[in-house]
Amino acid sequence: MNEPLKLEWFGGNEDALAFCYMLRDLSHTWDDLIDKDREVSDQAINHAFSICLMYMPMNRFYQAIQPAILPMWVTVVSAYQTANKFEKDKDEHGVEIAHGLRYATGHIISYAMHVCVGPEKAAEYLPEAWKQIMCERYDEYRKEHLNV
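Residues numbered from 1 in each chain as written. Predicted model: local features only at pLDDT ≥ 70, side-chain atom pairs only at ≥ 80, totals over all residues. Heavy atoms only, no water.

(A) Structural detail: unusual backbone geometry. Of note, K36 is a non-glycine position whose phi angle comes to about 55 degrees, a positive value. Residue K36 is classed as exposed on the basis of its relative accessible area of 66%. Look at K90: it is not a glycine, yet its phi comes out positive at around 60 degrees. Within the element layout of this structure, K90 appears in the loop between α3 (60-89) and α4 (92-101). (Buried < 20%, exposed > 50% of the residue type's maximum accessible area, 1.4 Å probe, protein only. Helix = DSSP H or I, 4+ residues; strand = E, 2+ residues; numbered from the N terminus.)

The following block contains the structure:
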């Protein structure tokens, strides 16, 4: 998610937008800690823990949707762990699957958009949002993980 998320996607709800940025930052740090393709600074690690322990729990939007997204967190963690295994195994089919799995947090962002603007508006915004969520193209990802 390199492009900025749009406040309008969340119906002007600044807490929802802030939650999604926290989710993005947390996901990037987690990914870098696991795959070690970028050095993670102490500041980034501290920020990730601050998100988990302070900022996300204090966020009003997160507080409102937390019970609904708890099962989603289970699938996000499972998808991410599976993607990491596929990446380490260098299995071509697994890497193809992993590319999508590593963006599982996008489903929480999608849900947040539905909560904020309703299903019709969310359906209008989601194609653009998913392109931002899955910002790394498969060909680039494949080269990185299969060295082709």
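Past the structure itself, the notes keep going.
(B) Highlighting helix α2 (residues 42-58). The terminal C-alpha atoms of α2 lie 23 Å apart, and with 17 residues this matches the ideal 24 Å at 1.5 Å per residue to within 8%. Along α2, the sharpest change in direction is near 50 degrees and occurs at I51. Along α2, the positions that sit buried rather than exposed are A48, S50, I51 and M56. If you follow the buried residues of α2, they end up packed against α1 (14-35) and α3. (Expected span 1.5 Å × (residues − 1). Bend = angle between axes of the 7 residues up to and from the residue. Contact = heavy atoms within 4.5 Å.)

(C) Fine view of the layout of surface pockets. Quantified by volume, the largest pocket comes out at close to 420 Å³. Residue lining of the largest pocket: 22 residues in total, with S27, H28, D31, R102 and Y103 positioned closest to the centre. By residue number, the principal contributor to the lining of the largest pocket is α1, which donates 6 residues. Class assignment of the residues belonging to the lining of the largest pocket gives a composition of 9 nonpolar, 5 polar and 8 charged. If you go around the second largest pocket, the residues you meet are L23, L26, S27, T29, W30, L33, I45, A48, F49, C52, W73 and T105. Among the elements that make up the lining of the second largest pocket, the one with the highest residue count is α1 (6 residues). Grouping the amino acids of the lining of the second largest pocket by side-chain chemistry returns 9 nonpolar, 3 polar and no charged. (1 Å grid on protein atoms, 1.4 Å probe; cavity = no way out; pocket = protein on both sides within 12 Å on 5 of 7 lines; lining within 4 Å. Points joined across faces, edges and corners; volume = space filled by probe spheres on them. Nonpolar A, V, L, I, M, F, W, Y, C, P; charged D, E, K, R; others polar.)

(D) Representation of helix α5 (residues 105-133) in the model. Counted at 1.5 Å a residue, the expected span for α5 with its 29 residues is 42 Å, but the 9 Å between its end C-alpha atoms falls short. The sharpest bend along α5 comes to roughly 120 degrees, located at G118, with the proline P119 sitting one to four residues further on.

(E) How the structure looks around the packing of α4 against helix α6 (residues 138-146). Close contact between α4 and α6 brings their axes to 10 Å; oriented N to C, the two are set at 135 degrees. Looking at the two axes, α4 sits oblique to α6. In the packing of α4 onto α6, the handedness of the crossing is right-handed. Facing α4, whose interface residues are E92, V95, E96, A98 and H99, α6 presents Y138, Y141, R142, H145 and L146. (Axes fitted to C-alpha atoms, helices over the stretch in contact; angles between N-to-C directions. Parallel < 35°, antiparallel > 145°, perpendicular 65-115°, else oblique. Left-handed = near helix turned anticlockwise from the far one by under 90°.)

(F) Region of interest: the packing of aromatic side chains. Applying the stated criterion across every chain, the model contains 3 aromatic pairs. Aromatic side chains F19 and F61 sit 6.0 Å apart centroid to centroid with 50 degrees between the ring planes, which places their arrangement in the tilted category. With F19 in helix α1 and F61 in helix α3, the pair connects residues that are 42 residues apart, well separated along the chain. Each member of the pair F19 and F61 is classed as buried. (Phe/Tyr/Trp six-rings, centres within 6.5 Å; stacked < 30°, edge-to-face > 60°.)

(G) The side chain of H99, seen in detail. Inspection of the secondary structure assignment puts H99 in helix α4. Exposure remark for H99: the relative accessible area of 9% places this residue in the buried category. Once you skip the residues sitting within four places of it in the chain, H99 turns out to touch M134, E136, R137, Y138 and Y141.

The values are spatial; any link to function lies outside them.
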